[in-house]
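# Summary of structural features
Given next are the chains, with one letter for each unit.
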Amino acid sequence: MFSLQNKKAVVTGGGSGIGRAIATLFAKQGAEVHILDLTLESAKEAVEDIKKLGGTVFSYACNVASQKEVVATFESIGNIDILINNAGIANVGKVDTTSESDFDRVMEVNVKGVYNCLYAAIPQFRISSGGVIINMASIAAWVGIPDRFAYSTAKGAVMAMTLSVAKDYMNENIRCNSISPARVHTPFVDGFISKNYAGKEAEMFEKLSKSQPIGRMGKPEEIAALALYLCSDEAGFITGCDYPIDGGFIKLNN
């Protein structure tokens, strides 16, 4: 079950964190994995680890906010079967403390970046006579999270794009779903805490961990396992859905 043999998968932001876990698991399950990251250096360690495991992997330096770069990269990869729209950035701030430049930066990566990859991927899916898309949304699209105005706005847009794409391309055998994680322990989270809560890292890590009713952050490998199922043939009846994976955050955080 859950084999990805003879499948070609693109994972944006695949050099670290959730993207790296997805790229690694997909390669283990037989997929030919193509990692897009800002630089080749940022994907180097992930590529080396996947090759050590015997997986087939390629990497590309690509800024997902640039449609020209994205289209050129996808054309060089050719026909694909799976797209994981995982690349994203965070921002702290309420609406009146979020600068225009910060808002634009989040939209460029988290919204336009997803659009650019969808735009470039559809022609490649058609060559393969169909495929599967996973967009990485967030619990921030479901509930109010303090000081995350721009990020929540962007992830709400990602969820809406998921529904639109699922509807528009259903008859072309293209499925599209989204995953909404709560906090997941990645280098991204560690960097975010050190940047925004200097001197209070341990305290903030504990606070963020306990904000999930289950009492801890998620693991990248847990998100990857859900992505694997949704991209497998066993999930062929699923499209246009969002899957919270949140340690009970949405429903049980009373």
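The following paragraphs examine the structure supplied in this document. (Residues numbered from 1 in each chain as written. Predicted model: local features only at pLDDT ≥ 70, side-chain atom pairs only at ≥ 80, totals over all residues. Heavy atoms only, no water.)

### Quick notes on unusual backbone geometry
Which entries qualify depends on this criterion: Only DSSP runs of H or I with at least four residues qualify as helices, and only runs of E with at least two residues qualify as strands; both kinds are numbered from the N terminus onward. The buried label goes to any residue with under 20% of its type's maximum accessible area, the exposed label to any with over 50%, and the partly exposed label to all in between, with areas taken from a 1.4 Å probe on protein chains only.
If you check the backbone angles, Phe2 has positive phi at about 60° while not being a glycine. Tracing the sequence through the fold places Phe2 in the segment before β1 (8–12). Phe2 gets classed as partly exposed once you look at its relative accessible area, which sits at 28%. Despite not being glycine, Asn6 shows a phi value in the positive range, around 65°. On the secondary structure map, Asn6 appears in the segment before β1. The exposure class of Asn6 is exposed, given its relative accessible area of 74%.

### Quick word on the pattern of salt bridges
Put simply, the rule is: For this document, the term salt bridge refers to a Lys or Arg side-chain nitrogen within 4 Å of an Asp or Glu carboxyl oxygen.
Tallying each qualifying case throughout the model produces seven salt bridges. As a salt-bridge pair, Arg20 and Asp49 come within 2.3 Å of each other at their nearest N and O atoms. You can see Arg20 sitting in helix α1 (residues 17–28) and its partner Asp49 sitting in helix α2 (residues 40–52), a full 29 residues away along the chain. One salt bridge in this structure joins Lys210 and Glu206, with 3.1 Å as the shortest N-O distance. Linking Lys210 with Glu206, this pair stays in helix α7 (residues 201–210), spanning four residues, or about one helical turn.

### Regarding the environment of Leu25
How we decide: Residue contacts are counted whenever heavy atoms from the two residues lie within 4.5 Å of one another.
Counting through the fold element by element, Leu25 comes out in helix α1. If sequence neighbours within four positions are ignored, Leu25 has contacts with Ala224, Ala225 and Leu228.

### Details of helix α8 (residues 220–231)
For clarity, the cut-off: Expected span of a helix, by definition, is 1.5 Å for each gap between consecutive residues, and there is one gap fewer than residues.
Here α8 is 12 residues long and its end C-alpha atoms lie 16 Å apart, about the 16 Å a rise of 1.5 Å per residue gives. For α8, every residue scored as buried is listed here: Pro220, Ile223, Ala224, Leu226, Ala227, Leu228, Leu230 and Cys231. Elements that come into contact with the buried residues of α8 comprise α1, β4 (82–85), β5 (131–136), β6 (174–181) and β7 (242–245).

### Here we look at the side chain of His34
Applied cut-off: Counting of polar contacts relies on pairs of N or O atoms within 3.5 Å, with two restrictions inside protein: one atom must be capable of donating a hydrogen and the other of accepting it, and residues adjacent in sequence are counted only when both atoms are side-chain atoms.
By secondary structure assignment, the location of His34 is in strand β2 (residues 32–37). For His34, the side chain forms a polar contact with the side chain of Glu32, separated by 2.7 Å. Among residues more than four places away in sequence, those in contact with His34 are Lys8, Ala9, Val10, Val11, Phe58, Tyr60 and Ile77.

### Quick word on the packing of helix α6 (residues 187–196) against α7
Filter applied, for reference: Axis lines are fitted to C-alpha atoms, over the contacting stretch for helices. Their N-to-C directions set the angle, which ranges from 0 to 180 degrees. Throughout this description, any angle smaller than 35 degrees is read as roughly parallel, any larger than 145 degrees as roughly antiparallel, any in the 65 to 115 degree range as roughly perpendicular, and the remainder as oblique. If you view the pair so one helix is near and one far, a crossing is left-handed when the near helix is turned anticlockwise from the far one by less than a right angle, and right-handed when it is turned clockwise.
The N-to-C vectors of α6 and α7 enclose an angle of 130°; their axes lie 9 Å apart at closest approach. On the basis of the axis angle, α6 is oblique to α7. Handedness of the crossing formed by α6 with α7: right-handed. Where α6 approaches α7, its residues Asp190, Ile193 and Ser194 are matched on the opposing element by Glu201, Met204, Phe205 and Leu208.

### Side note on the packing of aromatic side chains
Convention followed: Ring pairs shown here join Phe, Tyr and Trp side chains whose ring centres sit within 6.5 Å, with only the six-membered ring taken for Trp; geometry is labelled stacked below 30 degrees between planes, edge-to-face above 60, and tilted in between.
Using the criterion set out here, one finds four aromatic pairs in the structure. Seen from their ring centres, Tyr115 and Tyr119 are 5.9 Å apart, and the 55° between their planes marks the pair as tilted. Of this pair, Tyr115 and Tyr119 both sit in helix α4 (residues 100–127), four residues apart, which is roughly one turn of that helix. In this structure Tyr119 comes out as partly exposed when scored by relative accessible area, which is 46%.

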